[in-house]
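Analysis of the macromolecular model
What follows is the residue order along each chain.
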Amino acid sequence: MPPRRKVTDADNKPLRSTQVIVKPPINSDRLGLVTGTYLATLDLGMIKKVFNSEAYFSRAVRKYLERFTRNEFVFTGKNPKSVMYIRKRFEQMEEVEATSFDMLVVQSALSLFIYGNAFILKVRSTNASGGRVYTDPFGRVRYPVAGYFVLDPVYIKPELSESGSIKKWVYSVPGYQVQDFPPRNIIHIKDCPLPGSVYGTPFIYQSIADIQALRRMEELVEILSFQEGMPLYVYTIGNKESRNVLQKEIDEMTANISNMAQNGAMVLPWTHTVEVLGSQGKALNIKEYLDYFKQRLFSGLGLSALDFGEGDTANRGTATTLSEGVIHTVKYYQKLFINAWNKEL
């Protein structure tokens, strides 16, 4: 039996059985890895364009948002004085922000549904806030929050340190001055982030290809409809039993057809025939393909055809069953939102 091999570390020193060596992540420009934290290559600008142009996605987001905000958000806690203080502070912030807390909830939830990420900026000020300056557990002086503002995720990017932690958030809106925000002043709510990822994953991201395929097929249907609605008319002058046709007769018929009104009619002799060329009942039945890609899109959005008003054969019991999935999804998003604010407050 061969001798047992010793396990050593990088310095060729023996390891005890309880030691565990974890190698640091390898930097890779191809994968976008930065020592443990990587920036996902998500084009949030493209997702904004999809939301502004795609009716199904826009309707799905509004469907989730309606469920999300159906009941009011309230502040609760075991200490009534703390709850009262938080309510009073948010009333003060509403005066500074010139908007209500409910609108803050709607805007951040809308951002979360569309982009899978919601960024809320904390603006600190002693002059515009009723709060007090305090010192955190690490001995750092903190100024009170005067207001919360929802940022556009398309224009915010993190700047990472060598260890992979976020040094600051850079907010760069075209036409405006670039602003830098420390991580402590940003509340980042993200949906389904991959391990080590800075950003969350939008639920529409995997369905963009299905949307593009569905739209291409709808363009094909439009072309086929035009071709069927405007068939080709073939005029034949003369037949086997008639005399030879003169070029003058062909020119005269061509001129008559060109000058004829769109809804006009012509009286032709027996030697003339008119044939309508269309699909002759052999056109491609594209409905099944459209239904297939539409169902794929509905599945990616987490909704059913009934949610979009297309459930012709669904009864009330089926509608209730299909809505349960939407309710569970909305509860998941509410949990993300509540956990973020509990951590903040």
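What you see is a predicted model, and the numbers here were worked out from it, not measured in a lab. (Residues numbered from 1 in each chain as written. Predicted model: local features only at pLDDT ≥ 70, side-chain atom pairs only at ≥ 80, totals over all residues. Heavy atoms only, no water.)

Some points on the overall build of the protein chain
Across its full length, the protein chain carries eight helices and twelve strands. Across the 345 residues that make up the protein chain, the buried fraction comes to 32%. Intrachain contacts of the protein chain at a sequence separation of at least 6 include 64% that bridge at least 24 residues. (Helix = DSSP H or I, 4+ residues; strand = E, 2+ residues; numbered from the N terminus. Buried < 20%, exposed > 50% of the residue type's maximum accessible area, 1.4 Å probe, protein only. Contact = heavy atoms within 4.5 Å.)

A closer look at the confidence of the model for the protein chain
With 78% of its residues at a pLDDT of at least 70, the protein chain reaches an overall mean of 78. Ignoring residues within four places in sequence, the model shows residues 1-11, a span with pLDDT below 50, making seven contacts including any to other chains. Counting contacts from residues 14-36, a segment whose pLDDT is below 50, to residues more than four positions away or on other chains yields 26 contacts. (pLDDT = per-residue confidence, 0-100.)

What about helix α1 (residues 44-53)?
All buried positions along α1 are accounted for by Leu 44, Ile 47, Val 50 and Phe 51. Seen end-on, α1 carries its buried residues on one side only, within an arc spanning 105°. Exposed and oriented more than 90 degrees from the buried face of α1 are Lys 49, Asn 52 and Ser 53. One side-chain oxygen at the N-terminal end of α1 lies 3.2 Å from the backbone nitrogen of Gly 45; it belongs to Asp 43. (Arc of directions from axis to C-beta. Polar contact = N/O pair within 3.5 Å; in protein donor to acceptor, adjacent residues only side chain to side chain.)

Looking at the layout of surface pockets
One water molecule sets the probe size; rolling that probe over the atoms shows where empty space is left. The computed volume of the largest pocket comes to approximately 1,200 Å³. Around the largest pocket sit 35 residues that line it, and Lys 122, Arg 124, Lys 343, Glu 344 and Leu 345 are the ones nearest its centre. Mapped by element, the contributors of at least two residues to the lining of the largest pocket are α3 (80-97), β3 (117-124), β6 (145-151), β8 (166-171), β10 (186-190) and α8 (316-344). Top element by residues in the lining of the largest pocket is α3. It accounts for six residues. Residues of the lining of the largest pocket, tallied by class, amount to 21 nonpolar, three polar and eleven charged. (1 Å grid on protein atoms, 1.4 Å probe; cavity = no way out; pocket = protein on both sides within 12 Å on 5 of 7 lines; lining within 4 Å. Points joined across faces, edges and corners; volume = space filled by probe spheres on them. Nonpolar A, V, L, I, M, F, W, Y, C, P; charged D, E, K, R; others polar.)

Quick word on the packing of helix α2 (residues 55-68) against helix α7 (residues 287-301)
Taken N-terminus to C-terminus, the directions of α2 and α7 make an angle of 30°; their axes are 11 Å apart at the nearest point. At the point where α2 passes α7, the crossing takes the right-handed sense. Where α2 abuts α7, its residues Tyr 56, Phe 57, Ala 60 and Tyr 64 lie against Lys 294, Leu 297, Phe 298 and Leu 301. Along the lines of polarity and charge, the residues of the contact of α2 with α7 split into seven nonpolar, no polar and one charged. (Axes fitted to C-alpha atoms, helices over the stretch in contact; angles between N-to-C directions. Left-handed = near helix turned anticlockwise from the far one by under 90°.)

Things to note about the environment of Asp 210
Residue placement: Asp 210 occurs in helix α5 (residues 208-229). Of the residues examined, Asp 210 reaches a relative accessible area of 8% and is grouped as buried. Here the alpha-carbon distance between Asp 210 and Tyr 292, two residues 82 residues apart in the chain, equals 10.0 Å.

Re the sheet that holds β8
To summarise the sheet geometry, strands pair through backbone hydrogen bonds and adopt either a parallel or an antiparallel arrangement. One open sheet holds the three strands; their spatial order is β7-β8-β9, and the pairing between them is antiparallel. The two strands at the open ends of the sheet, each matched to only one other strand, are β7 (156-160) and β9 (179-181). Recorded for the sheet is a direction-independent mean angle of 30° between the axes of neighbouring strands. In terms of strand pairing, β7 meets β8 through five bridges, oriented antiparallel. Bridging from a neighbouring strand, Lys 157 pairs with Val 170 of β8. (Pairing = 2+ DSSP bridges.)

What about the pattern of salt bridges?
Within this structure, the stated rule accounts for ten salt bridges. In this structure, the salt-bridge partner of Arg 296 is Asp 210, at a minimum N-O distance of 2.9 Å. Of this pair, Arg 296 sits in helix α7 while Asp 210 sits in helix α5, placing them 86 residues apart in sequence. For Arg 215, the salt bridge is made with Glu 218, and the minimal N-O distance between the two is 2.4 Å. Note that Arg 215 and Glu 218 are positioned in helix α5 at a spacing of three residues, about one turn of the helix. Exposure remark for Arg 215: the relative accessible area of 25% places this residue in the partly exposed category. (Salt bridge = Lys/Arg side-chain N within 4 Å of Asp/Glu carboxyl O.)

Remarks on unusual backbone geometry
A negative phi holds for most residues other than glycine; trans holds for most peptide bonds. The residue Cys 192 is not glycine, and still its phi comes out positive at about 50°. As for its placement among the helices and strands, Cys 192 is situated in the loop between β10 and α5. With relative accessibility at 47%, the residue Cys 192 sits in the partly exposed group.

Some details on the packing of aromatic side chains
Two aromatic rings, taken as a pair, are described by how far apart their centres are and by the angle between their planes. Throughout the structure, instances matching the rule amount to 25 aromatic pairs. Between Phe 57 and Phe 203 the ring centres are 5.9 Å apart and the planes differ by 75°, which places this aromatic pair in the edge-to-face class. Residue Phe 57 is found in helix α2, and its partner Phe 203 is found in the loop between β10 and α5; the two are separated by 146 residues along the sequence. As far as the burial class goes, Phe 57 and Phe 203 line up, both buried. Each ring, one from Phe 68 and one from Phe 73, has its centre 5.7 Å from the other, and the planes form 35°; the classification is tilted. (Phe/Tyr/Trp six-rings, centres within 6.5 Å; stacked < 30°, edge-to-face > 60°.)

Brief notes about the environment of Ser 111
Assignment of secondary structure puts Ser 111 in helix α4 (residues 101-115). Sequence separation between Ser 111 and Asp 152 is 41 residues, and the spatial gap between their C-alpha atoms is 7.7 Å. Ignoring any residue separated from it by four or fewer positions in sequence, one finds Ser 111 in contact with Gly 116, Asn 117, Ala 118 and Pro 153.

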